[in-house]
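Chain and residue survey
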Amino acid sequence: MPQTPPAHRRMKLGLIPSISEGGMGNGKTVTFSELKDTAQMAEELGFDSLWLDDHLIFRAPNEESGCWECFTFLSGLAAVTSHVQLGPLVACTSFRNPALIAKMTASLDEISQGRFILGLGAGWHEPEYLAYGYPFDHLASRFEEALQIIVPLLREGQVDFEGKYYQAKNCVLRPRGPSAGRIPLMIGSSKPRMLEITARYADSWNRTAWRAKADRITGEYPKLLEACKTVGRDPASIELSAGVEVHFLAEGKQSDPNDKGITGNAEQIAQELRAFADAGVQHLIVAVEPQGIDGLKQFARVIELLDQG
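Residues numbered from 1 in each chain as written. Predicted model: local features only at pLDDT ≥ 70, side-chain atom pairs only at ≥ 80, totals over all residues. Heavy atoms only, no water.

Below, the discussion takes up the nonpolar core. The biggest cluster of nonpolar side chains holds 89 residues, and the ones touching the most others in it are Leu273, Phe276, Leu284, Val286 and Phe299. Counting residues per element, this core draws most heavily on helix α5 (residues 139–156), at 10 residues. Core analysis: the second largest hydrophobic core is formed by 7 residues, Ile16, Trp51, Ile117 and Ile285 among them. (Core = buried A, V, L, I, M, F, W, Y, C linked by side-chain atoms within 4.5 Å. Buried < 20%, exposed > 50% of the residue type's maximum accessible area, 1.4 Å probe, protein only. Helix = DSSP H or I, 4+ residues; strand = E, 2+ residues; numbered from the N terminus.)

This brings us to the pairing of strand β3 (residues 57–60). Two strands pair when backbone bridges link them, and β3 and strand β4 (residues 63–66) are joined in this way by 4 bridges, in the antiparallel orientation. If you follow Ala60 over to β4, its bridge partner there is Glu63. The antiparallel pairing of β3 with β4 creates a hairpin that spans 2 residues between the two strands, and Asn62 there sits at a positive phi of about 65 degrees. (Pairing = 2+ DSSP bridges.)

On to the pattern of salt bridges, then. Where charged atoms of side chains with opposite charge meet at close range, the side chains can pair. Within the structure shown, the criterion is met by 18 salt bridges. Arg96 is paired through a salt bridge with Glu69; the nearest N and O atoms lie 2.6 Å apart. With Arg96 in the loop between β6 (91–92) and α3 (98–112) and Glu69 in the loop between β4 and α2 (70–80), this residue pair connects regions lying 27 residues apart in the sequence. Measuring nitrogen to oxygen at the nearest pair gives 3.1 Å for the salt bridge that ties Glu304 to Arg301. Placement of both Glu304 and Arg301 in helix α9 (residues 292–307) is noted, with a separation of 3 residues, approximately one turn of the helix. Of the residues examined, Glu304 reaches a relative accessible area of 44% and is grouped as partly exposed. Shared partners join several salt bridges into a network, and the residues in it are Arg9, Asp48 and Asp307. (Salt bridge = Lys/Arg side-chain N within 4 Å of Asp/Glu carboxyl O.)

Quick look at the packing of aromatic side chains now. Each aromatic ring pair is summarised here by two numbers: the centre-to-centre distance and the angle between the ring planes. By the definition in use, this model includes 9 aromatic pairs. An aromatic cluster of at least three residues, connected via ring pairs, comprises Phe95, Tyr129, Tyr134 and Phe136. (Phe/Tyr/Trp six-rings, centres within 6.5 Å; stacked < 30°, edge-to-face > 60°.)

A word on the packing of helix α8 (residues 266–278) against α9. With their axes 9 Å apart at the nearest point, α8 and α9 run at an angle of 50 degrees to one another. Our classification of the angle between α8 and α9 gives oblique. Crossing handedness for the pair α8 and α9: right-handed. Residues Ala266, Glu267, Ile269, Ala270, Leu273 and Arg274 of α8 pack against Phe299, Arg301, Val302, Leu305 and Leu306 of α9. Here the residues of the contact of α8 with α9 sort into 8 nonpolar, no polar and 3 charged. (Axes fitted to C-alpha atoms, helices over the stretch in contact; angles between N-to-C directions. Parallel < 35°, antiparallel > 145°, perpendicular 65-115°, else oblique. Left-handed = near helix turned anticlockwise from the far one by under 90°. Contact = heavy atoms within 4.5 Å. Nonpolar A, V, L, I, M, F, W, Y, C, P; charged D, E, K, R; others polar.)

Here we take up the packing of α3 against α5. Closest axis-to-axis distance for the α3/α5 pair is 8 Å, and the angle between their directions is 30 degrees. Taken as axis vectors, α3 and α5 run roughly parallel relative to one another. Handedness of the crossing formed by α3 with α5: right-handed. Residue-level contacts link Pro98, Ala99, Ile101, Ala102 and Thr105 of α3 to Ala146, Ile149, Ile150, Leu153 and Leu154 of α5. Looking at the contact of α3 with α5 residue by residue, the class counts come to 9 nonpolar, 1 polar and no charged.

And the structure:
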């Protein structure tokens, strides 16, 4: 079941810091020590969740960058935080055997003492598949088979599955952490078949369009409602989450009309974020620029304004 946001605010707030090369600005890549400081400050400021993206490498014409491995870093953050929820946004099922994903999830549930959310998706960036030797075909079918292993293992502790792409013969999940049978599953999806899979399995649906505003979510939510109708699922039992980029403007700087994220000062940003709650978003995840402590110091005022209603 979706978790209730704190009584003093209309929706939960999550933070997703960059773990990509150059993501800190000025060509700098975040260290784990810096990420730890960011996570601990996010807890102090009242963020409800902390997320890391799951990529191996980005490649485009004349451009290449790498990323830290998200589950390894999430494990470290679980050990140095105390109450913020943690999860991948979203982990690609193609990169790891599905039974292993369930095993890693149970371990993270133990390290975090019940604060882990498993975010999953089918993947999309073909260059990293080619570079690391993963097949880039039938992504939705592979994803659905993976869930037929992951979900029973997490919820029931065992599975026996023989599929076209994956097998798990008399597989059990032992030991299990404090949330055994209750670890939340978030699925990131947008296309019709993936939405139907979301409606069938997920506790939370994420429509992360990092450079979009609240009206984008309003326009896409009916697609999930239709998928829920198809599989006979009560849409109220699925938490609606979304992601957005937030850019604080330096003093005297004008916003770029081509920037589709949310830009401005704290008051302007808070007003834009309230629109997500108005649209029914229950869990909003923000990527804040500038990254790190500097951006969080500015975002502290946004949280104050949001908590005022």
